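Each chain, letter by letter, is given below.
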Amino acid sequence: MKYNELDLYYQFINNVVQGVDTMKNELETSNIKEKFHQFGYKYTDQRRLILDVLLENPDLHLSSEDICEYFKRKKKIDIGQSTVYRTLIVLEKMKLVRKVNLDDGFTRYELLGPDEDHAHHHLICTECGSITDIKNDLLEDLERQILDDYDFEIKDHCLKFFGLCKKCRNQK
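Residues numbered from 1 in each chain as written. Predicted model: local features only at pLDDT ≥ 70, side-chain atom pairs only at ≥ 80, totals over all residues. Heavy atoms only, no water.

### Things to note about the sheet that holds strand S2 (residues 97-101)
For clarity, the cut-off: Note on pairing: two strands pair once DSSP finds at least 2 bridges between them. Note on conventions: DSSP H or I runs of at least 4 residues are helices, E runs of at least 2 residues are strands, and numbering of each starts at the N terminus.
The three strands are arranged S1-S3-S2 in an open sheet whose pairing can be described as antiparallel. Either end of the sheet is taken by a strand with one partner, and the two such strands are strand S1 (62-63) and S2. Strand direction decides the pairing type here: S1 and strand S3 (residues 107-111), joined by two bridges, are antiparallel. Bridge pairing in S3 links Leu 62 to Tyr 109.

Laid out in structure tokens, this is it:
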């Protein structure tokens, strides 16, 4: 797969400049600081900064490396990669983010919506590396059939479609 890191970085910066998604407003109103305390964690400035980057870029599936690079280039802040990684683990335990494997060699993270208990699917362009979320659960009927036929209750699944996005198809 070809991933143009510079394009992804510019997309990342554009999302930061464009402002805050509605998900940020939802999480802010649900007293995030209190949620940290409920789970037995401190709500530190570094954790707030890391969470802000995720909230400002809900569509970007960022890795700990991406977040560190953002702080170094854009904010001129040196937050260690281990701090970012540990914070992402805390956020995952708190069910605020989910690990995503997009088969690019990085562990990436995406925000979870307030009532999101099931992974959504991804469209991954093999040319430019763009990632599009599919919010609909396309496998509900299959899950019901598996439960009926095999008495197996599916708790979660991961589905990735690889192909060419509209932009890359139009360039060929």
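Let us keep going from here.
### Observations regarding the packing of helix H4 (residues 45-56) against helix H6 (residues 81-93)
Heads up, the condition is: Note on geometry: axes are lines fitted to C-alpha atoms, helical ones only across the stretch in contact, with angles between N-to-C directions running from 0 to 180 degrees. Geometric relationships in this document are graded by angle, where less than 35 degrees denotes roughly parallel, more than 145 denotes roughly antiparallel, 65 to 115 denotes roughly perpendicular, and other angles denote oblique. It only takes one pair of heavy atoms within 4.5 Å for two residues to be counted as in contact. Under the grouping applied here, Gly and all other residues not named as nonpolar or charged are polar, the nonpolar ones being Ala, Val, Leu, Ile, Met, Phe, Trp, Tyr, Cys and Pro and the charged ones Asp, Glu, Lys and Arg.
For the pair H4 and H6, the least separation of the axes is 10 Å and the interaxial angle reads 75°. Judged on the interaxial angle alone, H6 and H4 are roughly perpendicular. Along the contact surface, H4 presents Gln 46, Arg 47, Ile 50, Leu 51 and Leu 54, while H6 presents Thr 83, Val 84, Thr 87, Leu 88, Val 90 and Leu 91. Here the contact of H4 with H6 is built from residues that sort into seven nonpolar, three polar and one charged.

### Digging into the sheet that holds strand S5 (residues 131-134)
Across the sheet, three strands lie side by side as S5-S4-S6; this open sheet has mixed pairing. Strand pairing shows two members of the sheet lacking a second neighbour, S5 and strand S6 (160-163), which therefore form its edges. Strand-to-strand twist of the sheet, defined as the mean angle between neighbouring strand axes without regard to direction, takes the value 20°. Two strands pair when backbone bridges link them, and strand S4 (residues 121-125) and S6 are joined in this way by four bridges, in the parallel orientation. Residue pairing across strands places Cys 125 opposite Gly 163, the latter belonging to S6.

### Thoughts on a nonpolar patch on the surface
Filter applied, for reference: Here, patches come from residues exposed beyond 30% relative accessible area and free of salt bridges, joined within 9 Å for like charges and within 5 Å for nonpolar side chains (Val, Leu, Ile, Met, Phe, Trp, Tyr). A 1.4 Å probe and the Shrake-Rupley method give the accessible areas. Residues count as covered only by the protein chains that appear here. Salt bridges, as used here, are contacts in which a Lys or Arg side-chain nitrogen is within 4 Å of a carboxyl oxygen on Asp or Glu. For every residue, the accessible area obtained with a 1.4 Å probe (protein chains only) is divided by the maximum for its type, and the residue is called buried under 20%, exposed over 50%, and partly exposed between those limits.
A contiguous nonpolar patch, built from Leu 123, Leu 138 and Phe 161 and spanning about 250 Å² of accessible area, is present on the exposed surface. Residue placement: Phe 161 occurs in strand S6. Given the relative accessible area of 35%, Phe 161 is considered partly exposed.

### Re the packing of aromatic side chains
Note the cut-off: A pair of aromatic rings is counted whenever rings of Phe, Tyr or Trp (Trp by its six-membered ring) have centres within 6.5 Å, and the orientation is called stacked for planes under 30 degrees apart, edge-to-face for over 60 and tilted otherwise.
Tallying each qualifying case throughout the model produces two aromatic pairs. Centre to centre, the rings of Phe 36 and Tyr 43 are 4.9 Å apart; their planes meet at 50°, and the pair counts as tilted. Judged by its relative accessible area of 22%, Tyr 43 is partly exposed.

### A closer look at the pairing of S4
Within S4, four of the five residues are buried, leaving the element largely enclosed by the surrounding structure. Note: S4 against S5, four bridges, orientation antiparallel. Counterpart to His 121 in the pairing with S5 is Ile 134. As consecutive antiparallel partners, S4 and S5 are separated by five residues, and within that stretch Gly 129 has a phi angle of approximately 85°, a positive value.

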